[in-house]
Amino acid sequence: MTMSVWLPVGILLSSFIPGVLIFFQPEERHRLRTWLNLLGALVKLLLVGVLIWGVFHEQVFETRWTMAPGLEFVLHADALSVLFVSLSTLLWLVTTIYAIGYLERTPHRSRFFGFFSLCVTATVGLALAGNLFTFVVFYELLTLATYPLIAHKGSPEALRGARIYLRYTLFGGLLLMIGAVWLHTLTGGVEFVEGGILDQYTNLDQSTLRWIFLLLIVGLGVKAALVPLHGWLPQAMVAPAPVSALLHAVAVVKAGAFGIVRVIYDVYGVEFAAELGVLTLLGAVASITIIYGSLKALSQDHLKKRLAYSTVSQVSYIVLGTAILGPLATIGGLVHLVHQGVMKITLFFAAGNYAEALGIHRISEMDGVGRRMPGTTLAFSIGALGMIGIPPVAGFISKWYLGLGAVEAGAAAWVVPVLIASSLLNAAYFLPILYRAWFKSPSRPWPADRTAGCARELPDPLLWPPVTTAALALLIGLFAAAPYSPLEWAELIAGREYRQ
Amino acid sequence: MNTLMLTIPPLIPLVLACFAHRLQSRWWLFGAALPALYLGLMGEPDSAISLPWLMLGMHFSLDTTAQQFLVFGSMIWMLAALHIPADDLMTGAAGYRKQSFLLAMAGNLLLIIAADMLTFYVGFALMGLSAYGLLWGASQRARQAARVYLVFTLIGELALFSALLLLMVNSDSLLFEELHAKPLPEAALLLLLLGFGIKVAIPGLHFWLPRAYTLAPLFGVVVLSGPMMKAGLLGWLRFLPFGTPVDPLWGELLLFLGVVGVILGMLIGAVQRESRSVLAYSSISKMGLFSALIGFSLNHPGMVAGILPVIVLLALHHLMVKPMLFVGLDLWQKGSSTYLILPALILLSLSLVAFPLTGGGAAKNLLSTALNGNLVWLMLLAGIAAAVLTVRFLWLLKRSKRPVESGSVSLLGWLVLLPVAVWAPFAWDGMSVEAKALLPLILAVVLMLIGRLLWQRFVAIPLPTDFRIIRLVPRFSQIDKDRFRVNNGVQQIWLPLKQILSHRLTEPGGQPIASLRDSAIWWLMLMLALLLALILSL
Amino acid sequence: MNNLLIWPIAVPLFSALLALLWIRRSTWIGVFGTALSLLVVLLVGRQVVESGPIELALGGWTPGLGIALRADGLSLLMLLMSSLVSMAVAVYASVYFSKAERRGEFWVLWLLLITALHALFLSGDLFNLYVTLELLGLSAVVLACLGGSRESLQAALRYLVMGLLGSMAFLIGVALIYAGYGTLDMAALADAIEAGPAAWLALSLMTGGLLIKSALFPLHFWLPPAHANAPAPVSAVLSALVVKAALYLILRLWLSLFDGVVTQAAAVILGLLGAVAVVWGSWAALQAERLKLMAAYSTVAQLGYLFLFLPLLTALPEGAARDVALGALVLLALTHGFAKSAFFLAAGVIMQRAGHDRIAELGGTARALPVTAFTLALAGVALIGLPPSGSFLAKWHLLSSAFITGQYVWLPVIAVGTLLAGAYIFRLLGYAFAPGEGVGPSLSAGREEIPAVLLALIATLLLGFWASAVWELLPISAYVGGGA
């Protein structure tokens with residue numbers, strides 16, 4: 001009984017406490033800092049393991065705390081939160097290792113790792129939020145925790161990127177809050193319940209609900225980088241590579257997408273939302289985002305920028321899956337939440353490695369890098385192929401379910417062409433990179449070779465994270481139907497959402 | 001037999017591909033196809049296995065078609081393995097040929113034994129995309145050809161993906177068995193025609209083919225023109241709803257496109273100046289015939305039972321003959337053992353034009369019977385096209401000869417496969433496969449090749465330098481090569497014989513043997529011999 | 001033990017006298033006096049929580065004639081805030097003024113200010129309120145000019161004049177009430193007052209006076225210079241506490257005394273002024289080039305938020321919804337009190353270290369003074385109204401009340417205000433966290449940095465997660481009427 005109350009809190013504290021402790025560590029005690037980081041990550045992983053087991057066996061984990069009349073701080077673990085929590089926890093561990101290697105001998109590491117832990121705390125909090133109020137709280141906290149990470153380098157570009165990020169996200173957070181308050185006043189409290197709650201309030205005006213939906217989605221869409229609210233994401237790539245990786249794969253962008261999933265499934269209820277007619281609009285926006293992001297990515301020479309636009313496009317797969325009515329599309333969207341995270345984090349790790357080892361920032365500088373850094377480039381290739389949707393990498397599974405869902409819902413006429421076009425565009429902007437990396441030979445010296453004295457292509461903490469996540473991307477695709485796989489979870493969630 | 005055996009043919013090349021950067025002997029690549037051959041010959045017919053945890057649930061089964069494709073496909077893969085240049089086998093070689101080769105092989109074998117749509121698709125995608133590495137070359141034109149190929153492959157793949165989505169929702173099952181329980185959606189049919197049509201190079205979707213065939217390295221062309229191209233055909237056979245009435249439009253369309261392909265291939269092929277191009281357009285023409293036949297069968301559900309096995313037979317025949325022609329052409333151009341190659345090439349060409357007493361002829365007879373008087377004009381047209389292209393091919397053949405020495409292993413392998421390629425359809429007994437009849441022959445080949453491998457190692461060890469290098473270097477340096485050859489048992493027999501023959505045959509005026517006159521004489525002699533045999537057998 | 005109520009006033013008063021007498025030890029006396037009054041306030045708090053509102057008639061005379069002291073939920077909350085803030089500020093001031101010549105004056109006035117504040121929050125009749133208001137205003141003015149610079153004297157003078165004007169208006173209002181109803185005891189008046197010309201006039205006069213004191217737009221012009229030019233500890237209490245005193249009185253008047261008189265239209269006028277204050281104050285804060293000026297304008301904006309509540313409160317029917325909104329108002333006031341005092345203290349630290357507080361030249365603050373930079377960030381979070389601060393909850397309920405009453409007109413105001421607040425806070429943080437040498441090298445993490453960070457933590461964490469205490473305390477009311 002007590003465990004069911006304390007476990008969600010414990011999962012939050014397992015990164016919050018190390019984060020706070022790290023803030024007060026002097027810069028030079030990096031061994032202690034490393035231990036704190038890793039300990040926190042491992043403890044969290046352990047706790048999440050318990051959580052997964054419990055939720056699978058239909059145990060209830062819930063913490064409640066009244067903050068103000070009518071406003072309860074609720075941490076609640078359902079299948080959907082477990083999906084997101086386990087993703088964040090796992091990738092946090094990997095990213096922490098990567099960041100330790102990446103930031104070696106740079107200033108302000110205590111600050112960085114402090115905020116890094118807080119960022120993950122906020123993300124996990126988002127995942128575990130049991131009502132809309134708690135979600136808003138963590139949504140704003142995430143903004144706060146990420147801002148210093150983006151601005152970390154302190155250069156004018158970094159500050160500019162962080163400022164733009166802040167402008168967008170504060171605006172989005174505000175709209176989300178207004179929408180949430182409005183809904184709160186109408187219903188007296190918005191708990192996340194599988195299948196939604198709004199269809200029980202038959203007396204509510206439908207057009208009001210549509211307006212609230214718009215507010216919520218625009219508020220969440222800022223973080224999910226829906227066009228035209230995506231402007232901050234390409235700017236935010238000035239952040240250090242581990243931050244970009246976390247930002248694009250787990251924390252910010254995913255938080256937005258996860259929020260949209262929550263609002264549609266657990267607040268409105270997907271059938272009710274379809275009845276309101278808001279899903280079509282959302283689907284259209286997602287489709288436009290998918291195509292637009294890919295088109296923009298095509299013209300970028302800066303590697304991280306291309307990846308950023310790719311994120312814009314890929315995250316909307318999740319939204320698209322959510323916007324299509326039907327369990328199969330739901331599965332596709334949910335599973336892409338995990339798949340995109342694993343694949344995109346691989347790509348950003350690899351991009352960081354190129355910059356770190358050889359000073360490569362632009363795609364035109366990547367000629368022949370595959371021979372020089374085979375491990376990194378192999379990981380990058382797997383991630384990129386997954387993004388295109390080549391089987392058996394994880395991305396294919398998402399695409400498959402999205403497509404099936406679209407056909408099932410009778411939306412094949414516009415969704416499948418979008419998927420096809422997106423795959424082609426993905427191929428058009430990823431395959432040239434792979435071609436340069438593997439098949440071309442270096443045409444000029446590397447911009448800055450810093451690998452002198454390394455036994456392998458890179459130090460271990462930089463090399464292994466991308467390799468691990470790439471292997472993971474391959475394995476969760478290859479064993480998609482195995483028990484406890486992300487797909488299995490997505491199916492479980494979809495089953496519960498559609499009350500089957 | 002344990003049904004898990006079914007997973008081995010694609011698994012072995014896949015695993016080897018992971019370690020390909022360490023593999024420096026082509027015998028690894030050769031051996032990767034052996035389990036497939038074994039399964040094709042010895043595998044228990046209609047055994048099946050489901051792996052529900054693999055991806056979205058994978059299903060393999062070994063039906064007759066799969067067995068046939070496995071046997072002949074694996075032989076071509078082995079043949080191709082023998083022709084991988086030594087440069088590409090070295091560690092750090094450009095282009096990642098070994099990896100591409102093994103992955104494409106895995107994909108090809110996977111789709112052959114696939115029992116559900118998704119497995120087939122995975123194999124098809126793996127094969128199609130990996131082939132990029134086979135086609136890629138250092139030259140600008142080769143790279144461009146590879147790129148064009150890749151674009152077409154991607155489009156085909158996505159078309160197939162969309163078709164799969166429609167089919168999956170339509171039949172609510174991935175299995176081929178349950179695919180045709182309900183009539184297929186029209187859109188899915190169109191997408192299937194498009195998706196596989198690219199691989200089969202039906203006119204309009206063929207643009208990738210001629211340049212890929214001319215510019216790719218030999219072993220790439222071998223697998224591309226053989227097992228990989230036929231994978232598209234196999235796709236149609238697996239997916240299309242034969243035996244159930246569909247909108248005749250689709251059948252007509254395919255028939256029309258096929259005929260266009262036959263004519264187009266002939267007309268363009270006949271004016272090509274390069275032997276390989278001629279063979280490429282011959283492929284287009286031939287695949288046109290297949291497309292037309294598939295279209296015809298689609299619209300005549302009643303005749304399917306008779307026609308389809310013959311189509312398979314014909315396809316397998318072509319699967320063997322075309323790569324053999326490419327290899328033969330290459331051997332010829334390198335100038336080795338002319339006295340053997342020329343007749344063999346002619347024999348293969350004859351088989352391609354369905355000359356009586358060759359496998360092609362036999363298959364054509366079966367086809368005529370199966371068609372039961374329909375499409376006589378098409379058969380005639382296809383025959384003319386094949387003949388025109390063959391003549392053009394042989395015409396160009398002699399011009400392209402260059403006096404360069406080449407390795408013997410490849411020649412040997414080619415010669416061993418020759419009878420299989422030419423006469424394989426005779427092994428059919430009353431339309432059912434008796435592939436096991438070929439087993440002793442193939443086993444003998446395999447044993448010989450293994451023996452060779454051992455011999456090579458055995459010989460290589462006592463040499464003073466590091467033997468790993470020795471095994472690679474001979475192909476570069478003439479001195480080592482000669483020493484190597486002298487030590488080689490097979491060569492010890494061949495070399496004097498060859499010297500005598502070549503000496504004698506090139507004596508008058510130092511003319512090379514394969515002058516136009518000579519080849520014409522050889523051809524006529526062969527024709528006479530065959531005619532004689534034909535008459536005698538009657 | 002009703003005599004308990006006298007101590008929150010008596011302790012600082014006696015300390016002030018003591019400090020005056022023993023000026024050499026004034027620092028110790030000041031800090032201990034403040035600490036002691038905090039202790040007493042805590043004792044009062046325990047009593048109120050356990051046994052409801054307390055009332056004390058000084059000298060044993062019945063209310064209406066003598067001086068009546070009352071403590072209920074609202075006054076307790078204000079008392080707690082003022083004593084906690086003043087405790088922290090006192091610790092800070094003990095460092096800030098440790099070398100100043102005029103520290104004796106400071107501590108005497110400081111203790112007087114606390115006395116006045118506590119008395120104001122505890123007073124139960126209108127005349128006492130006037131007296132305490134005057135005392136508060138005067139001690140604040142003198143404190144404000146302690147900086148000694150020309151600008152600060154000018155600002156203090158303006159402050160003095162405005163404060164007197166406000167007190168005068170308040171006094172006339174009180175006189176009118178006395179003339180009309182013959183009593184000044186608030187509990188009695190709450191029953192007696194009915195709508196009529198006298199009540200209207202009195203309410204307008206008293207409110208008008210208090211509006212000057214609480215610096216509602218457009219009567220705010222005296223505030224930014226006064227708050228920005230005073231010494232940092234003084235600015236902190238001025239912004240956090242002194243303006244809140246006036247607000248407390250407005251709440252008392254509008255919600256319990258004159259609740260039958262107040263009309264929606266009047267409340268909307270105040271709300272509109274508040275709205276303008278929110279937008280204008282935030283905008284001015286965004287334009288400000290100096291840190292303390294920015295904080296001062298931010299105070300103008302934050303007070304505007306508080307006045308936004310008034311039209312909502314009057315529109316809400318009596319009951320749960322209204323109690324919630326009132327709690328939110330108080331919570332916002334409390335959070336702002338803690339956050340703004342933390343902010344000013346941090347600004348003071350920076351100013352002492354760097355010798356200036358020009359925002360554009362603050363690069364390197366985060367490296368040199370990490371704790372202070374952290375304080376600025378935490379306080380900033382509370383000022384913007386981001387979670388988990390108390391102001392987030394308050395803003396939530398502010399929005400919620402706007403939706404319930406259908407007064408959608410306030411939504412864009414709140415939205416714009418929040419965004420502007422985000423803009424000016426993060427503009428500051430952007431400079432503070434940028435690399436640079438504007439602040440100079442760090443010497444030590446001193447005593448002066450700790451109080452500020454504690455205050456900021458109270459604003460962002462304590463008042464966020466334990467905010468429900470506010471709603472539990474508020475219904476403990478000594479007056480009939482609107483729950484306050």
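Residues numbered from 1 in each chain as written. Chains lettered and ligands numbered in written order. Predicted model: local features only at pLDDT ≥ 70, side-chain atom pairs only at ≥ 80, totals over all residues.

1. So, the overall build of chain C
Helix and strand counts for chain C stand at 19 helices and 2 strands. Against the compact-globule benchmark of 23 Å for 484 residues, chain C has a radius of gyration of 21 Å, which places it among compact chains. Across its three principal axes, chain C shows a C-alpha extent of roughly 65 × 55 × 40 Å. Every one of the 484 residues in chain C was classed for burial, and the buried ones make up 65%. Within chain C, residue pairs in contact and separated by at least 24 positions form 82% of the contacts whose partners lie at least 6 positions apart. (Helix = DSSP H or I, 4+ residues; strand = E, 2+ residues; numbered from the N terminus. Rg over C-alpha atoms; globule rule 2.2 N^0.38 Å. Buried ≥ 20, exposed ≤ 12 C-beta atoms within 10 Å, placed from the backbone. Contact = placed C-beta atoms within 7 Å.)

2. A closer look at the overall build of chain A
Helix and strand counts for chain A stand at 20 helices and 2 strands. Its C-alpha radius of gyration of 21 Å places chain A within 12% of the 23 Å reference for a compact globule of 500 residues. Projecting the C-alpha coordinates of chain A onto the three principal axes gives extents of approximately 70 × 55 × 45 Å. Counting over 500 residues, chain A shows a buried share of 66%. Counted over contacts in chain A with a minimum sequence separation of 6, partners at least 24 positions apart contribute 81%.

3. Here we look at the interface of chain A and chain C
Listed per partner, the contact involves 24 residues of chain A and 28 residues of chain C. Breaking the side of chain A that touches chain C down by element, the ones donating at least two residues are β1 (61–68), α5 (132–150) and α6 (156–187) of chain A. Looking at the side of chain A that touches chain C element by element, the count peaks at 11 residues for α6 of chain A. Residues that form the side of chain A that touches chain C fall into these classes: 17 nonpolar, 5 polar and 2 charged. (Nonpolar A, V, L, I, M, F, W, Y, C, P; charged D, E, K, R; others polar.)

4. What to know about unusual backbone geometry
The residue after P391 of chain A, namely P392 of chain A, is reached through a cis peptide bond having omega 5°. Each neighbour pair has its own omega, and for P387 of chain C with P388 of chain C the value is 0°, a cis peptide bond. Along the chain, the position of P388 of chain C falls in the loop between α15 (370–384) and α16 (390–405). Phi is positive for D172 of chain B, close to 60°, though the residue is something other than glycine.

5. What to know about the pairing of strand β2 (residues 58–62) of chain B
All names here are of chain B. Across the 5 residues of β2, 5 count as buried, placing the element largely inside the fold. Side chains of β2 alternate between two faces, with M58, F60 and L62 and H59 and S61 buried alike. Note that strand β1 (residues 47–51) and β2 share 5 bridges and pair antiparallel. Opposite S50, over in β2, you have H59 as the bridge partner. Between β1 and the antiparallel strand that follows it, β2, lie 6 residues; M55 among them carries a positive phi value of about 45°. (Pairing = 2+ DSSP bridges.)

6. Digging into the packing of helix α4 (residues 64–82) of chain B against helix α14 (residues 304–334) of chain B
Residue and element names in this part refer to chain B. In the contact formed by α4 and α14, the axes pass within 10 Å of each other and the chain directions differ by 0°. By the angle class used here, α4 and α14 are roughly parallel. In this structure, α4 contributes T65, Q68, F72, G73, I76 and L79 to the contact, and α14 contributes V312, L316, L319, M320, P323 and V327. A per-class count over the contact of α4 with α14 returns 9 nonpolar, 3 polar and no charged. (Axes fitted to C-alpha atoms, helices over the stretch in contact; angles between N-to-C directions. Parallel < 35°, antiparallel > 145°, perpendicular 65-115°, else oblique.)

7. Observations concerning the interface of chain A and chain B
Listed as interface residues are 21 residues of chain A and, on the opposing side, 20 residues of chain B. Elements that contribute at least two residues to the side of chain A that touches chain B include exactly α17 (394–408), α18 (412–438) and α19 (460–478) of chain A. Considering each element in turn, the side of chain A that touches chain B owes the most residues, 7 residues, to α18 of chain A. Across the side of chain A that touches chain B, the residue classes tally to 17 nonpolar, 3 polar and 1 charged.

8. Considering the pairing of strand β1 (residues 54–57) of chain C
Residue and element names in this part refer to chain C. Only one face of β1 is covered, namely the one carrying I54 and L56; the face carrying E55 and A57 has none of its residues buried. By the bridge criterion, 4 bridges tie β1 to strand β2 (residues 68–71) in an arrangement that is antiparallel. Across the sheet, residue A57 finds its bridge partner in β2, namely A68.

9. A few points about the environment of A328 of chain C
Residues and elements named next belong to chain C. Relative to the assigned elements, A328 resides in helix α13 (residues 320–354). Taking the C-alpha atoms as reference points, A328 and Q302, separated by 26 residues in sequence, lie 13 Å from one another. When sequence neighbours within four positions are dropped, the list of residues in contact with A328 reads L393, A394, H397 and L398.

10. Quick word on the packing of α16 of chain C against helix α18 (residues 449–465) of chain C
Each packed pair of helices is defined by two parameters, the angle between the axes and the distance between the axes. Residues and elements named next belong to chain C. Close contact between α16 and α18 brings their axes to 6 Å; oriented N to C, the two are set at 55°. Of the possible angle classes, the one that applies to α16 and α18 is oblique. Taking contact as the criterion, the partners of G390, F392 and L393 in α16 are, on α18, A459, L463 and G464. Grouping the constituent residues of the contact of α16 with α18 by class yields 4 nonpolar, 2 polar and no charged.

11. A short note on helix α1 (residues 8–18) of chain B
Residue and element names in this part refer to chain B. Restricting attention to buried positions, one finds in α1 the residues P9, P10, I12, P13, L16 and A17. Down the axis of α1, the sector holding all buried residues measures 160°, keeping them to one side. Contact partners of the buried residues in α1: α2 (26–32), α3 (34–42), α4 and α6 (97–113). (Arc of directions from axis to C-beta.)

12. Considering the confidence of the model for chain C
Looking at chain C as a whole, its pLDDT mean stands at 86, while 94% of the residues score no less than 70. Mean pLDDT across the secondary structure elements of chain C bottoms out at helix α14 (residues 365–368) of chain C, with 80, and peaks at α16 of chain C, with 92. (pLDDT = per-residue confidence, 0-100.)

13. Section: the nonpolar core
Core analysis: the biggest nonpolar cluster contains 607 residues, and L83 of chain A together with A144 of chain C have the highest contact counts within it. Looking at this core element by element, the count peaks at 22 residues for α13 of chain C. Two domains share this core, each providing at least three of its residues, namely domain 1 (1–241) and domain 2 (245–428) of chain B. Discounting residues that sit within four places of it in the chain, L83 of chain A has contacts with L334, L337, V338, P486, W489, A490 and I493 of chain A. (Core = buried A, V, L, I, M, F, W, Y, C linked by C-beta atoms within 7 Å. Domains from an automatic or database assignment.)

14. Structural notes on the confidence of the model for chain A
The predicted structure's coordinates, where accompanied by low pLDDT, should not be read in detail. Mean pLDDT for chain A: 90, with 100% of residues reaching 70 or above. Looking across chain A, the model is least confident in helix α15 (residues 369–372) of chain A, with a mean pLDDT of 87, and most confident in helix α16 (residues 374–388) of chain A, with 94.

15. Re the environment of A360 of chain C
Residues and elements named next belong to chain C. Looking at the element boundaries, A360 is found in the loop between α13 and α14. Note on A360: 11 C-beta atoms within 10 Å, which makes it exposed. As a C-alpha pair, A360 and D185 span 175 residues in sequence and 52 Å in three-dimensional space. Sequence-distant contacts of A360, defined by excluding residues within four places in its chain, comprise E289 and Y431.

16. Brief notes about the environment of V190 of chain A
Residues and elements named next belong to chain A. Following the sequence through the fold, V190 ends up in the loop between α6 and α7 (206–224). Of the residues examined, V190 has 20 C-beta atoms within 10 Å and is grouped as buried. When the C-alpha atoms of V190 and N131 are compared, they prove to be 5.7 Å apart, with 59 residues separating the residues in sequence. Excluding residues within four positions of it along the chain, V190 makes contact with N131, L132, L183, H184, I197 and V267.

17. Points about α6 of chain A
Here α6 of chain A contains 32 residues, and its C-alpha end-to-end distance of 46 Å stays within 8% of the 46 Å for a straight helix at 1.5 Å per residue. At the exit of α6 of chain A stands G188 of chain A, carrying a positive phi of roughly 80°. (Expected span 1.5 Å × (residues − 1).)

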